[in-house]
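Architecture and fold: a report
Given next are the chains, with one letter for each unit.
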Amino acid sequence: MFVIRWILGRIILLANFIFPGKKRQRPVAEQAKIDEQTNGLALYQYAACPFCVKVRRAIRRQGLEIAIVDAKQDANKQQLIEQGGQLKVPCLKIDKDGKTQWMYESNDIIAYLEKQYA
Ligand SMILES: N[C@@H](CCC(=O)N[C@@H](CS)C(=O)NCC(=O)O)C(=O)O
């Protein structure tokens, strides 16, 4: 089972590498403004998780700069469990107005980003 999942993960990564999708381009000033807004966001994820790839592709499609955090690393994993509440990826950490929100579910994350940064 582990081997099959590992192989599928590599296939997903390869397909994503070959077909990265189009990155949205904005005028420099507009992009800088959006980058400032996305400064407080971080995506906790695994490299080869299909739900994480889906979110990373959406981020690229929207031309967003969001910190990517490897949730396989112990310190990040602990942070996700302790502060987010569960070990599940993808999870978007949203630091906004002095509050931190942990958003799970790939579809919810994509919908949130599309709404915020259309
Ligand atoms: N419905 C969730 C599914 C997410 C999911 O199943 N993620 C897996 C990795 S692909 C996970 O976090 N499993 C727990 C673990 O690996 O410990 C979504 O769309 O985000």
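Up top is the structure these notes are about.
This write-up is about the structure you can find in this document. These numbers come from a predicted model, not from an experiment. (Residues numbered from 1 in each chain as written. Predicted model: local features only at pLDDT ≥ 70, side-chain atom pairs only at ≥ 80, totals over all residues. Heavy atoms only, no water.)

1. Digging into the overall build of the protein
When you go through the protein residue by residue, the secondary structure sums to five helices and four strands. Along the chain direction, N to C, the helices and strands of the protein fall in the order α-α-β-α-β-α-β-β-α. Taken against the 2.2 N^0.38 rule, which gives 13 Å for 118 residues, the C-alpha radius of gyration of the protein at 15 Å falls within 12% of a compact globule. Once the C-alpha set of the protein is aligned to its principal axes, its extents read approximately 45 × 35 × 20 Å. For the protein, the residues scored as buried account for 37% of the 118 residues in total. The contacts of the protein with a sequence gap of at least 6 include a subset with a gap of at least 24, amounting to 63%. A total of about 7700 Å² of accessible surface is found on the protein, and carbon and sulfur atoms cover 57% of it. Of the side chains in the protein, 19 bear a positive and 12 a negative charge, and the two mean positions are spaced by 7 Å. (Helix = DSSP H or I, 4+ residues; strand = E, 2+ residues; numbered from the N terminus. Rg over C-alpha atoms; globule rule 2.2 N^0.38 Å. Buried < 20%, exposed > 50% of the residue type's maximum accessible area, 1.4 Å probe, protein only. Contact = heavy atoms within 4.5 Å. Areas by Shrake-Rupley, 256 points an atom, 1.4 Å probe, with all protein chains shown as cover. Lys, Arg positive; Asp, Glu negative; His and termini not counted. Charge placed at Lys NZ, Arg CZ, Asp CG, Glu CD.)

2. Some thoughts on the site of the ligand
Surrounding the ligand, one finds Tyr46, Cys49, Phe51, Leu87, Lys88, Val89, Pro90, Glu105 and Ser106. Within the side chain of Ser106, an N or O atom sits 2.6 Å from an oxygen atom of the ligand. Contact with the protein chains covers 67% of the free accessible surface of the ligand, which is 510 Å². For the shell around the ligand, the per-class residue count stands at six nonpolar, one polar and two charged. (Near = heavy atom within 4 Å. Polar contact = N/O pair within 3.5 Å; in protein donor to acceptor, adjacent residues only side chain to side chain. Nonpolar A, V, L, I, M, F, W, Y, C, P; charged D, E, K, R; others polar.)

3. Re helix 3 (residues 50-61)
The end-to-end C-alpha distance of helix 3, which contains 12 residues, comes to 16 Å, matching closely the 16 Å that a straight helix rising 1.5 Å per residue would cover. Among the residues of helix 3, Cys52, Val53, Val55, Arg56, Ala58 and Ile59 are the ones counted as buried. Residues of helix 3 that are buried sit in contact with helix 1 (2-18), strand 1 (41-45), strand 2 (67-70) and helix 5 (106-116). Phi for Gly63, located one or two positions after helix 3, is positive at around 65°. (Expected span 1.5 Å × (residues − 1).)

What is shown is where atoms sit, not what they do.
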